[in-house]
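Chain by chain, the residues:
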Amino acid sequence: MKKSKITLAREFKISDIDKRIYGSFVEHLGRAVYGGIFEPGHPTADKNGFRQDVIDLIRQIDVPIVRYPGGNFVSGYNWEDGVGPVDKRPKKLELAWGTLEPNEFGTNEFADWCKAANTAPMMAVNLGTRGPEEARNLVEYCNHKGGSYWSDLRRSHGWENPHDIKLWCLGNEMDGDWQMGHKTAVEYGRVANEAAKIMKWTDPSIELVLCGSSARTMKTFGEWEATTLELAYDKVNYISLHQYFNNNDNDSKNFLAHSVRLDDYIKTVICICDYIKGKLHSKHTVNLSVDEWNVWYHSNGAKFEKWSKAPHLLEDVYNFEDALLVGLMLITLINNSDRVKVACMAQLVNVIAPIMTEDSGRAWAQTIFYPFMHASKYGRGSALRPVIDTTKHDTREYNDVPDIDACATLSEDGTEITLFAVNRDFEEDNIVTLNLTDFEDPQAIEHITMCGYDLKAENTADSQTVVPKSAPLPVFDGKKAEIKLAPLSWNVVRFKVK
Ligand code: AHR
């Protein structure tokens, strides 16, 4: 058995948590839209064709924003194809994924779906094959009240009121040569700056996300951020980071240490933002949008019929170790919530997603659904900096990886603390002495855990094998309590405090 200590204090506040760090992503890719959120004729579909079984699951994880419509897809997308009478919309070859895009679902349907799913849109514009002109037209179409060409077009399409979309992405992964309209940092920085300028002239209330690197491993990483930020600094509010992890080598010990790399990536991007802020003598701070993150590899190499509509693409079935890493990534996002203001688990339904559906059938929760649900539900309010004293270990790629990784949140009304913790050790329990230094009369109210499963155990439509369960409540002696964290466990421990 190992031992650790975690100390929390009201005054060790990292930041208020922006609830948008519990965002997600729906791309026109595979069965994310068609057969995912939208399936007219499905037994649970409403009059708009929105699957209510999917919406019920989304409501459980309470996702405040959803990025749309891509992803790689957006870099070849003509948004005008997806508005107006459905029978007049063109079917197009979708070049990012090699499928057929029927355009039966577009911007207005997405805005309606967001309302039904109790979320808000985070809209990406195409800065790949298109540019500032089409981007500002879309802002006018979505956000202007009426009396102008594009806003009146929206009204004529049946949406009298503007959608009032507040958060916009200036393209997607423009640093990647797989992207339609791939650009150098200078080319992209200039276009992003000009698009940002006229999008904000069209609606000054919007916030904008500049494309950062599509991965920390890109050769251009660092220089890309510095160059593009310098060219567009004052116009943008966030810069994006994308981070996917895999366990291709089947080295689970190393896999579970990957959140250390996410932390390093975030901290490095913060340094670059602040370097450019200093260089430009600016008072403006650019924050981070981790707008694609997850585990992604199980489905790689899956075959599908080219140019078919909504094929089964990127349908990773997640296991228990993926849920642990997702928990660790959430801990990392919360611990960096002073600068990470937006984050989107990629994606939401069917495509590398916490929610899966059967065509015309059931919807079900993957293993990764649960840590995301816990963080979204209990990780609101403010983040407290945990002072963690724990044993460490080395893995193939990382040194000094903490056995216990944790974050803590204080609810908005100041009466509840939630500790999120993962024990990375494969064999041993870890007894954590939690010291709630300046909180009065702490009482444990719940200890939820996911532990004891085979690392490769999965959920399916037929069996919810990997699910949260209750663990014994820790008992306080004054301000201290001992909490037992089982080997390879995700833990959510909630306390009432005064
Ligand atoms: O989420 C899947 C894809 O991953 C997105 O389309 C792209 O932005 C990223 O490479």
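As shown above, the structure is provided for reference.
Reference entry: report on the structure contained in this document. (Residues numbered from 1 in each chain as written. Predicted model: local features only at pLDDT ≥ 70, side-chain atom pairs only at ≥ 80, totals over all residues. Heavy atoms only, no water.)

1. Considerations on the overall build of the protein chain
Helix and strand counts for the protein chain stand at 10 helices and 26 strands. In terms of overall dimensions, the protein chain is globule-like: its C-alpha atoms have a radius of gyration of 23 Å, near the 23 Å expected for 498 residues. Expressed as lengths along the three principal axes of its C-alpha atoms, the size of the protein chain is roughly 70 × 55 × 45 Å. For the protein chain, the residues scored as buried account for 62% of the 498 residues in total. Long-range pairs, those at least 24 residues apart, make up 77% of the contacts in the protein chain with a sequence separation of at least 6. The protein chain carries 56 positive and 71 negative side-chain charges, and their two centres are separated by 4 Å. (Helix = DSSP H or I, 4+ residues; strand = E, 2+ residues; numbered from the N terminus. Rg over C-alpha atoms; globule rule 2.2 N^0.38 Å. Buried < 20%, exposed > 50% of the residue type's maximum accessible area, 1.4 Å probe, protein only. Contact = heavy atoms within 4.5 Å. Lys, Arg positive; Asp, Glu negative; His and termini not counted. Charge placed at Lys NZ, Arg CZ, Asp CG, Glu CD.)

2. Here we look at unusual backbone geometry
For the bond running from Tyr68 to Pro69, omega is 5°, close enough to zero to count as cis. Topologically, Pro69 is positioned in the loop between β4 (65-68) and β5 (92-94). Looking along the chain, the bond that leaves Gly70 and enters Gly71 is cis, with omega of 15°. As for its position among the elements, Gly71 is in the loop between β4 and β5. With a phi close to 55°, Ser360 is a non-glycine residue in the positive phi region. Along the chain, Ser360 falls in the loop between β13 (355-357) and β14 (363-365). Of note in this structure, Asp441 is not a glycine but carries a positive phi near 50°. Mapping Asp441 onto the fold places it in the loop between β21 (430-436) and β22 (443-450).

3. Topic: the nonpolar core
Counting residues in each nonpolar core, the largest one holds 136 residues, and the members touching the most others are Trp113, Trp168 and Leu170. Among the elements that line this core, the one with the most residues is helix α9 (residues 320-335), at 11 residues. Each of two domains, domain 1 (2-10 + 384-496) and domain 2 (18-378), supplies a minimum of three residues to this core. Once residues lying within four places of it in the same chain are set aside, the contact partners of Trp168 are Met123, Val125, Leu138, Val139, Cys142, Asn143, Met199, Ile206, Glu207, Leu208 and Val209. Core analysis: the next-biggest nonpolar cluster, separate from the first, contains 22 residues, Leu410, Ile417, Leu436 and Phe495 among them. (Core = buried A, V, L, I, M, F, W, Y, C linked by side-chain atoms within 4.5 Å. Domains from an automatic or database assignment.)

4. A few points about the site of the ligand
Around the ligand, a shell composed of Phe25, Glu27, Gly71, Asn72, Trp97, Asn172, Glu173, Tyr244, Glu292, Trp296, Gln347 and Ile352 is seen. With respect to the ligand, the side chain of Glu292 contributes an N or O atom lying 2.6 Å from an oxygen atom. Burial of the ligand by the surrounding chains reaches 95%, relative to a free accessible area of 280 Å². A class-by-class count of the residues in the shell around the ligand yields five nonpolar, four polar and three charged. (Near = heavy atom within 4 Å. Polar contact = N/O pair within 3.5 Å; in protein donor to acceptor, adjacent residues only side chain to side chain. Areas by Shrake-Rupley, 256 points an atom, 1.4 Å probe, with all protein chains shown as cover. Nonpolar A, V, L, I, M, F, W, Y, C, P; charged D, E, K, R; others polar.)

5. Topic: the environment of Met180
With respect to the secondary-structure elements, Met180 resides in the loop between β8 (167-169) and α5 (185-202). A residue is classified by how much of its surface remains accessible, and Met180, at 17% relative accessible area, is buried. Sequence spacing of Met180 and Arg130 is 50 residues, and the spatial spacing of their C-alpha atoms is 9.7 Å. Not counting the four nearest positions on each side in its chain, Met180 is found in contact with Asn72, Phe73, Ser75, Gly76, Glu94, Leu95, Ala96, Gly128, Thr129 and Met174.

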